[in-house]
Amino acid sequence: MHERPTALIADDPPLDPHLVDELDAQRFAQIHRSTIVNLHQVAQVLRGPNENADVQLEGRQELLTVSRSYLHLFRQM
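Residues numbered from 1 in each chain as written. Predicted model: local features only at pLDDT ≥ 70, side-chain atom pairs only at ≥ 80, totals over all residues. Heavy atoms only, no water.

Quick question: what am I supposed to make of the environment of Ile9 here?
Its place among the elements puts Ile9 in strand β1 (residues 7-9). Looking at Ile9, the relative accessible area reads 45%, which means it is partly exposed. Put simply, Ile9 and Val37 are 28 residues apart on the chain and 8.5 Å apart in space, counted from C-alpha to C-alpha. Non-local contacts of Ile9, meaning those with residues more than four positions away in its chain, are made with Ser34, Thr35 and Leu64. (Helix = DSSP H or I, 4+ residues; strand = E, 2+ residues; numbered from the N terminus. Buried < 20%, exposed > 50% of the residue type's maximum accessible area, 1.4 Å probe, protein only. Contact = heavy atoms within 4.5 Å.)

I keep staring at the sheet that holds strand β6 (residues 63-66) and nothing clicks. Help me out?
Within a sheet, neighbouring strands are paired by backbone hydrogen bonds and run either parallel or antiparallel to one another. Read across the sheet, three strands follow the order β4-β5-β6 without closing on themselves; strand pairing throughout is antiparallel. On the outer flanks of this sheet lie β4 (42-47) and β6, each paired with one strand and no other. Strand-to-strand twist of the sheet, defined as the mean angle between neighbouring strand axes without regard to direction, takes the value 30 degrees. As defined by bridge partners, strand β5 (residues 53-57) adjoins β6 across four bridges and the pair is classed as antiparallel. Of the residues in β6, the one forming a bridge with Ala53 is Val66. (Pairing = 2+ DSSP bridges. Axes fitted to C-alpha atoms, helices over the stretch in contact; angles between N-to-C directions.)

By themselves, these are just geometric observations and shouldn't be taken as functional.
Written out as C-alpha cells, the structure reads:
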C-alpha cells in the first residue's frame, strides 16, 4: 500500500519555483519558502494572535509554520 505524500520540506536553498508551478494547485500549496503540503492531508490550521498560523497534517504531531506570504491560502480553512 502506498502512503499519500503529506509534505515536501527542503532544507536549504528554498524550493525550486518550477517544482511549485508543476504541482496541482488543487492538491498542493506552498506554505513556506521551503515547505509544500498536500491540502487533502491538512487536519487543522491553527491561527495565532499576530496574523500567523501553523498547519497540522493528518497522522503527524508536528506543526508546520505558514509564513505570512502564504497565509492568504488558509483564510477560508
